[in-house]
Amino acid sequence: MKRTLIVAGTLLLGAGAVMAQQEIAVQQDNLMRSQAKSLYNVMLKMAKGDIHYNQKSVDEALTTLEADVGKIAKTFETNPKQDVVNATYGSSPKVWQQKADFDSKIPPVQKAIAEAKGKIHDVASLKAAYTVINDRCNDCHETYRLKLK
């Protein structure tokens, strides 16, 4: 009986650790999805003419991006050692193997966003700002993002 309780307790602790790791992966995925929503669903679609230009939406997207990018280093402190179930993208183990380099990719994105704020007034300036911001995001994605599907 005692042995059964010990085994059951050990299994519960193991399951709790797995769930905690999955929660970290979900937080990381949610942060990246929030940034993608601002960058691709708002800025890119407006730049391409898929949706009408709206200054308020552009300003909100930049504000959200700025806040989210500031959370990257903290959100990616811990390696969950697993990906979100059914995710299309995940984080490369290189994030934690080369953490200093990963973290060094953040300030250029922040700078691109800061430089764009207040300078976007029409589709042409949006296209230019989008390209610069997206290029800085891709500087990190090329090394530290994995396509899972």
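Here we summarise the structure given alongside this text. (Residues numbered from 1 in each chain as written. Predicted model: local features only at pLDDT ≥ 70, side-chain atom pairs only at ≥ 80, totals over all residues. Heavy atoms only, no water.)

## Topic: the side chain of Q22
As a reminder of what qualifies: Put simply, DSSP marks the helices as runs of H or I at least four residues long and the strands as runs of E at least two long, and each gets a number from the N terminus on. With a 1.4 Å probe rolled over the protein chains alone, any residue whose accessible area is under 20% of its type maximum counts as buried; one over 50% counts as exposed, and the rest are partly exposed. Two N or O atoms form a polar contact when they lie within 3.5 Å of each other; inside protein one atom must be a possible hydrogen donor and the other a possible acceptor, and for residues adjacent in sequence the pair counts only when both atoms belong to side chains. Should any heavy atoms of two residues lie within 4.5 Å, those residues are counted as being in contact.
On the secondary structure map, Q22 appears in helix α1 (residues 2-48). With a relative accessible area of 17%, Q22 lands in the buried category. For Q22, the side chain forms a polar contact with the main-chain nitrogen of V85, separated by 3.3 Å. Sequence-distant contacts of Q22, that is, excluding residues within four places in its chain, are made with Q82, D83, V84 and V85.

## Looking at the packing of helix α6 (residues 106-116) against helix α7 (residues 123-144)
Basically, it comes down to this: Axis definition: a line fitted to C-alpha atoms, over the contacting stretch in the case of helices. Angles run 0 to 180 degrees between N-to-C directions. Each angle gets one of four labels, with under 35 degrees taken as roughly parallel, over 145 as roughly antiparallel, 65 to 115 as roughly perpendicular, and the rest as oblique. Ten residues, namely Ala, Val, Leu, Ile, Met, Phe, Trp, Tyr, Cys and Pro, are considered nonpolar, four, namely Asp, Glu, Lys and Arg, are considered charged, and the remaining ones, Gly among them, are considered polar.
In the contact formed by α6 and α7, the axes pass within 8 Å of each other and the chain directions differ by 170°. Relative to α7, the element α6 is oriented roughly antiparallel. Each of P108, V109, A112, I113 and A116 in α6 lies in contact with α7, whose residues at this interface are A129, V132, I133, R136 and C137. Across the contact of α6 with α7, the residue classes tally to nine nonpolar, no polar and one charged.

## Some details on the packing of aromatic side chains
The line we're drawing: Planes of paired rings set the category: under 30 degrees apart is stacked, over 60 is edge-to-face and the rest tilted, where pairs are Phe, Tyr or Trp rings (Trp by its six-membered ring) whose centres lie within 6.5 Å.
For the structure on display, the rule yields three aromatic pairs. Considering the side-chain rings of F102 and Y144, the 5.4 Å spacing of their centres and the 85° angle between planes classify their relative orientation as edge-to-face. You can see F102 sitting in helix α5 (residues 99-104) and its partner Y144 sitting in helix α7, a full 42 residues away along the chain. Under the relative-accessibility criterion, F102 is labelled buried at 4%. With a relative accessible area of 3%, Y144 lands in the buried category.

## Some thoughts on α7
We apply this condition: Here the expected span of a helix is defined as 1.5 Å times the quantity of residues minus one. A residue's bend is given by the angle between axes fitted to the 7 residues ending at it and the 7 residues starting at it.
Helix length check: α7, at 22 residues, gives a terminal C-alpha distance of 31 Å against a target of 32 Å (1.5 Å per residue), a fit within 8%. The largest bend along α7 reaches roughly 25° and is located at N138. Of the residues making up α7, those classed as buried are S125, L126, A129, Y130, I133, N134, C137, C140, H141 and Y144.

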